[in-house]
Amino acid sequence: MPSERSAAGRNAPTRSDGLLCLDDEIDRRPSAADRLRCRIPPLPAAVPAALLTHRARLLALAAALATALVGAAGATTTATAAASELPLQADARVALPGPSVRFDYVSIDPGANRLYIAHMNANELLVFDLRARRVLQTITAPGVHGVLAVPQLGRVFASATNAHELLTLDARSGRVLNRAPAGDYPDGIAYDPVERQVYVSDETGGVEAVFDRKGKRIATVALGGDAGNVQYDAGSGRMLAAVQTRNDVVVIDPSSNRVVRRVAVPGCEHPHGLLVDSARRLAFVACDGNAMLLTLDLKRLKVTGRALVGGSPDVLAFDTSLHRLYVAAESGEVAVFAEGAHSLTKLGQALLAPRAHTVAVDSRSHLVYFPLESGSSGRAELLIMKPAAAAAT
């Protein structure tokens, strides 16, 4: 996800077009990329402009901002209303422990029926039982962003961003087996099952940090710009990584851990999210600077399609059996696409909930999981949705 660190004691950064970021959502000095990513809508005209310079008052207006976002989108914040525009319907809502603060990446271990949820601003990794639908364990992980279950290894990897570390966990016990330095701002994670290497995007460090299967750092791949997400392509045996400040995607050879090619992604501002469908030789690139989703043909390494999605798209999830792509955005909008042999068809897009920017899908049950900071009860919640009957057939 886009980097967000605290700026305590400073005024909220504002954009020239009136959009702004709250202090508690940026945990470092705001870069140009941060300013692009702060896509909260302008305050209503009735709110005095003087309030923009006071952190405490801005925080008090957070709920009003969410309401303004809902009004601008012409939708309600309830999943039930959103489902009328999405090919989804609510299946369950499960209260999650901890405060109503930001979540980040999620990862499913289908064999163990577990969902790992990064509760980023609570500094906890949640282990959720998909069958019992309850949290089994909470694991301390300072500022956790990325999480990836690797069943082949019996391991779970998590980027503890505030500690600048990659944590290697035992999947059965949740015990931390290893901690290793992962750079300035470790974020998304990917695994190469052939070389048995773990890649962690160090966003502001501009590198992919490479680790062996035990979590020991073994290499560094310089990207030449801020790192977006990273994904493994089984079709080529290469790693792909988005480079946000260069507006391109790099191809990394895992055998040498060197960049072997750069792929331009025209029409994309600040590529961050990335997902690979190796079987159909397609990749999908989410551009959080201009709310675009690009389709990248992996045979020709050319952009072949573009679609508008929610503001500042972040996490992508793919149902490999239904061939359905989910794109969750910082704006709280979710877009759903059907994947064809060479392109995408949008099935729907709607505001799901404020800041519903992260998503996972279980390709066996087709259930879709959205961790929400503020669910139907106003507290942290896991919204579980299923394909609407007409769309699932």
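Residues numbered from 1 in each chain as written. Predicted model: local features only at pLDDT ≥ 70, side-chain atom pairs only at ≥ 80, totals over all residues. Heavy atoms only, no water.

Draft legend 1. Structural context of the state of the cysteines. This model, assessed by the stated rule, comprises one disulfide. Cysteine 268 shares a disulfide with cysteine 287; S-S distance 2.1 Å. Between cysteine 268 and cysteine 287 the disulfide shows an S-S torsion of about -115 degrees. By sign, it is left-handed. Placement of the pair is cysteine 268 in the loop between strand S17 (258–264) and strand S18 (271–277) and cysteine 287 in strand S19 (residues 282–287), with a sequence separation of 19 residues. Classification of cysteine 268 as buried rests on a relative accessible area of 4%. Classification of cysteine 287 by relative accessible area gives buried; the value is 0%. (Disulfide = S-S within 2.5 Å. Helix = DSSP H or I, 4+ residues; strand = E, 2+ residues; numbered from the N terminus. Buried < 20%, exposed > 50% of the residue type's maximum accessible area, 1.4 Å probe, protein only.)

Draft legend 2. The environment of serine 312, seen in detail. The topology assignment puts serine 312 in the loop between strand S21 (302–308) and strand S22 (313–319). Classification of serine 312 as buried rests on a relative accessible area of 0%. A C-alpha to C-alpha distance of 7.1 Å links serine 312 and cysteine 287, two positions 25 residues apart in sequence.

Draft legend 3. Region of interest: the confidence of the model for the chain. Overall, the prediction assigns the chain a mean pLDDT of 85, with 78% of residues at 70 or greater. Below pLDDT 50 for its whole length, residues 5–81 participates in 124 contacts with residues either more than four positions away or in separate chains. (pLDDT = per-residue confidence, 0-100. Contact = heavy atoms within 4.5 Å.)

Draft legend 4. Just the sheet that holds strand S20 (residues 292–297), in detail. Taking strand neighbours across the sheet as the criterion, the four strands line up as S18-S19-S20-S21 in an open arrangement whose pairing is antiparallel. Strands with a single pairing partner mark the edges of an open sheet, and in this sheet they are S18 and S21. This sheet shows a mean twist of 20 degrees between the axes of neighbouring strands, independent of strand direction. Looking at chain direction, S18 and S19 are connected through six bridges and run antiparallel. Bridging across to S19, valine 276 finds its partner in alanine 283. (Pairing = 2+ DSSP bridges. Axes fitted to C-alpha atoms, helices over the stretch in contact; angles between N-to-C directions.)

Draft legend 5. Spotlight on the pattern of salt bridges. Tallied over the full model, the rule gives 13 salt bridges. The salt bridge partner of arginine 281 is aspartate 233, with a shortest N-O separation of 2.7 Å. Taken together, the residues span a long stretch of sequence, with arginine 281 in the loop between S18 and S19 and aspartate 233 in strand S14 (residues 227–233) at a distance of 48 residues. Taken as a pair, arginine 281 and aspartate 233 share a single burial class, namely buried. A salt bridge links glutamate 339 to arginine 280; the nearest nitrogen and oxygen atoms lie 3.4 Å apart. (Salt bridge = Lys/Arg side-chain N within 4 Å of Asp/Glu carboxyl O.)

Draft legend 6. Broad picture of the nonpolar core. Among the nonpolar cores identified, the biggest contains 35 residues, and Leu88, Tyr116, Leu352, Val359 and Phe370 are the most heavily contacted of them. Those residues in contact with phenylalanine 370 that lie beyond four places of it in its chain are Leu88, Val334, Leu352, Thr358, Val359, Glu381, Leu382, Leu383 and Met385. (Core = buried A, V, L, I, M, F, W, Y, C linked by side-chain atoms within 4.5 Å.)

Draft legend 7. Fine view of the pairing of strand S24 (residues 333–339). Of all seven residues in S24, five are buried; the element is thus mostly enclosed. Here strand S23 (residues 324–329) runs beside S24; their pairing, made up of five bridges, is antiparallel. Within the sheet, the bridge partner assigned to leucine 325 lies in S24 and is phenylalanine 337. Linkage of S23 to S24, two consecutive antiparallel strands, is achieved through a turn of three residues, within which glycine 332 is found at a positive phi near 90 degrees. Bridge count between S24 and strand S25 (residues 344–351): seven bridges; the pairing is antiparallel.

Draft legend 8. Summary view of the sheet that holds S17. Pairing is antiparallel across the open sheet formed by four strands, whose spatial order is S14-S15-S16-S17. Sheet topology places S14 and S17 at the edges, where each strand pairs with a single neighbour. Within the sheet, the average angular offset between the axes of one strand and its neighbour, ignoring direction, is 25 degrees.

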